Amino acid sequence: MTNFPDAVISAVVGHMNGDHPEDNLLIARAFGRPQATASTMVGLRDDAGLWRVEDADGAHDLEVAWPNGPIAERPDIRREIVALYHAACETLGVPAREEHQPAADAAQGEASHAHGDAAAHGHGGGHGHGAAHGHGGAHGHTSSDSADDGAEAPFSRVIRESSWSDHSDSEGATFMEDIMRGRGTKQDYIDLVAQHFFMYEALEAAAERVAEDPAFAGFHVPALTRMPALEADLVALVGADWRDRIVATPATAAYAARIREVADDAWVPGIVAHHYTRYLGDLSGGQMIAKLVAKQHDLADGGVEFYDFSALGSIAGFKNEYRAALDRLGAELDDAERTRMLDEVRAAYAFNTAVFADLGRQKAAA
């Protein structure tokens, strides 16, 4: 049973898989799967978090009860996941990161930057640069975002922490959960790949447009480019005539239009906001998706090239470099521009949730 809307669950799952994949693995190893090699959060209930875990014996569903009992409010989610993280670190003898306060402090920190029910607009039709109003600032100076010594937190951390309470009230956001839990059909996966094509067509054109801007240095290396892989996947999944057979959903069209709008203005922080939201997720939870769908739908002959980032070398190393680039960019922005970029990150998360909702409605109507 859960009191939380699908979109809240989707936002939390996306945040954990995109920004905290290592935490997912620690939790799996500490709470029932000590030999886990991969772990993806797939949902949550009032009484537990839900993960899909892989080890030498295959894939397994894992439920981990919240340390402080059933929860009822959105801030409770963050508090309990932070508590699980600390408990996992203690169990495994791993030092906890400083960015995570003890559970009681985390709840207070969450309250200091909760954004309310209207957070992350901009998913229905692209509201321009002001998308995602109502967040109360989020300059990176709140108590939850400050380092223990009182210094301002690194911008990469501010971005991670700022999205915890953001969501959009969209129906059908369980579409991705179904795929991650092995309940989705092959057609569901094909539909997702088709939407990725329209997203990345706009995103990679935007990246190319500002490729020579010094502020964009360190974000888009050639090995990140996904369009050739997407085209190969669509040939394998749909056929040689795939261009005539795929259509963007309304939310995907709005998402791509927003990316093009940001690119037309050559607004580097805005492009980075969308770039970060997509690629960091692909490099984290996306790796589990590739394994699951390839096995479930027998895609040995192609269809999951989109998730192959082997040309990057160490994914963990690249993500560290990427976050360092975020920190450098944040250091160059004033408070108003940092806030504007954080709003765009939230808008990007909302666009993604809206795409999943569209796909869910499309599936229900079929």
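Moving on: the environment of alanine 232. Mapped onto the elements, alanine 232 comes out in helix α8 (residues 227–237). For the pair alanine 232 and glycine 303, spaced 71 residues apart in sequence, the C-alpha to C-alpha distance is 7.3 Å.

Our focus in this paragraph is the environment of alanine 316. Within the fold, alanine 316 resides in helix α12 (residues 315–332). Judged by relative accessible area, which is 44%, alanine 316 ranks as partly exposed. Considered as a pair, alanine 316 and serine 284 are 32 residues apart in the sequence and their alpha carbons are 9.2 Å apart.

Next up on the list: the layout of surface pockets. Here the largest pocket defines a volume of roughly 330 Å³. Every residue lining the largest pocket is counted, 18 residues in all, and those nearest its centre are Pro21, Glu22, Thr37, Ala38 and Ser284. Those elements that provide at least two residues to the lining of the largest pocket are α2 (21–30), β1 (38–44), α11 (285–296) and α12. A breakdown of the residues in the lining of the largest pocket according to their chemical character gives seven nonpolar, eight polar and three charged. For the second largest pocket, the calculated volume is near 200 Å³. No other element matches helix α7 (residues 186–209), which puts five residues into the lining of the second largest pocket. Residue classes in the lining of the second largest pocket are distributed as six nonpolar, three polar and two charged.

The next subject is the pattern of salt bridges. Evaluation of the coordinates by the stated rule reveals 19 salt bridges. Across the pair aspartate 241 and arginine 245 runs a salt bridge whose closest N-O atoms are separated by 3.3 Å. Of the residues examined, aspartate 241 reaches a relative accessible area of 38% and is grouped as partly exposed.

This part covers the packing of aromatic side chains. Applying the stated criterion across every chain yields a total of nine aromatic pairs. For the ring pair phenylalanine 197 and phenylalanine 198, a centre distance of 5.4 Å and an interplane angle of 80 degrees mean the geometry is edge-to-face. There is no split in this pair, since phenylalanine 197 and phenylalanine 198 are both buried. An aromatic cluster is defined as three or more aromatic residues linked by ring pairs; in this entry it consists of Tyr200, Tyr279, Phe306 and Tyr307. Positioned over the ring face of phenylalanine 309 is arginine 226, at 3.9 Å from the centre of the ring. Here arginine 340 stacks its cationic end above the ring of tryptophan 267, 3.7 Å away from the centre of that ring.

Next up on the list: α7. If you check α7, its first and last C-alpha atoms are 35 Å apart, about what 24 residues at 1.5 Å a residue would give, namely 34 Å. Most of α7 is tucked away: 18 of the 24 residues are buried.

With that settled, consider the side chain of histidine 275. On the secondary structure map, histidine 275 appears in helix α10 (residues 268–282). Among the residues examined, histidine 275 registers a relative accessible area of 0% and is labelled buried. A polar contact of 2.7 Å, which involves the side chain of histidine 275, links it to the side chain of tyrosine 322. When neighbours within four sequence positions are excluded, histidine 275 is seen to be in contact with Leu203, Phe216, Phe219, His220, Leu224, Leu280 and Tyr322.

On to α10, then. If you check α10, its first and last C-alpha atoms are 21 Å apart, about what 15 residues at 1.5 Å a residue would give, namely 21 Å. Along α10, the sharpest kink reaches roughly 25 degrees, centred on histidine 275.

Of all hydrophobic cores here, the largest spans 99 residues; its most connected members are Met41 and Met341. For this core, the leading source of residues is α7, giving 13 residues. Apart from residues lying up to four places away in sequence, methionine 341 is in contact with Phe155, Ile159, Trp267, Pro269, Val272, Ala273, Leu326, Leu329 and Leu333.

Turning next to the confidence of the model for the chain. Looking at the chain as a whole, the pLDDT averages 82, with 81% of positions reaching at least 70. Every residue in residues 101–150 is under pLDDT 50, and counting partners more than four places away or in other chains gives 103 contacts. A low-confidence stretch, residues 166–172 stays under pLDDT 50, and its non-local contacts, those more than four residues away or across chains, total 31 contacts.

Read from one edge to the other, the open sheet built from three strands follows the order β1-β2-β3, with strand pairing classed as antiparallel. The open sheet has two edge strands, β1 and β3 (58–65), and neither has a second partner. When the angles between neighbouring strand axes are averaged without regard to direction, this sheet yields 25 degrees. Bridge analysis of strand β2 (residues 48–55) against β3 gives eight bridges, and the strand direction is antiparallel. Residue pairing for β3: alanine 48 is matched across the bridge by alanine 65. The strands touched by α11 within the sheet are β1, β2 and β3, with β2 carrying the most contacts at an inclination of about 60 degrees.

What counts, and at which threshold
Here the residue index of a chain counts from 1 through its sequence in written order. Where local features are concerned, this predicted model is filtered to residues with pLDDT of at least 70; where side-chain atom pairs are given and counted, the filter is 80 or more; whole-chain, interface and lining totals use all residues. Processing note: side-chain calculations cover all non-hydrogen atoms of the structure and skip hydrogens and water entirely. Helix numbering and strand numbering both begin at the N terminus, where a helix is a DSSP run of H or I of at least 4 residues and a strand a DSSP run of E of at least 2. Note on exposure labels: buried denotes an accessible area under 20% of the residue type's maximum, exposed denotes more than 50%, and partly exposed covers the range between, all computed with a 1.4 Å probe on protein chains only. Both cavities and pockets are sets of points on a 1 Å grid over the protein atoms alone; in a cavity a 1.4 Å probe fits but cannot get out, in a pocket the set is open with protein on both sides within 12 Å along at least five of seven lines, and lining residues sit with an atom within 4 Å of a point. Grid points are joined across faces, edges and corners, and a volume is the space filled by probe spheres set on the points. When residues are grouped by polarity, Ala, Val, Leu, Ile, Met, Phe, Trp, Tyr, Cys and Pro land in nonpolar, Asp, Glu, Lys and Arg in charged, and all others, Gly among them, in polar. What makes a salt bridge here is a side-chain nitrogen of Lys or Arg within 4 Å of a carboxyl oxygen of Asp or Glu, nothing more. Only rings of Phe, Tyr and Trp enter the pairing, Trp through its six-membered ring, and a pair is recorded when the two centres are within 6.5 Å. The plane angle decides the type: under 30 degrees is stacked, over 60 is edge-to-face, the rest tilted. As a reminder, the over-ring test applies to NZ of lysine and CZ of arginine, requiring each to be within 6 Å of the ring centre and within 35 degrees of the ring normal. In a helix, the anticipated span is given by 1.5 Å times the number of residues less one. Whenever two N or O atoms come within 3.5 Å, that pair is a polar contact, provided that in protein one can donate a hydrogen and the other can accept it, and provided that, for residues adjacent in sequence, both atoms are side-chain atoms. The contact criterion used is simple: two residues touch if any of their non-hydrogen atoms lie within 4.5 Å. Throughout, the bend at a residue refers to the angle made by two axes, fitted to the seven residues ending there and to the seven starting there. Take the buried residues of types Ala, Val, Leu, Ile, Met, Phe, Trp, Tyr and Cys, join any two whose side-chain atoms come within 4.5 Å, and each joined set is a nonpolar core. A residue's pLDDT is simply how confident the predictor is in it, with values from 0 to 100. Whether two strands pair depends on DSSP finding at least two bridges between them. Simply put, an axis is a line fit to the C-alpha atoms, just over the touching stretch for a helix, and the angle between two N-to-C directions goes from 0 to 180 degrees.

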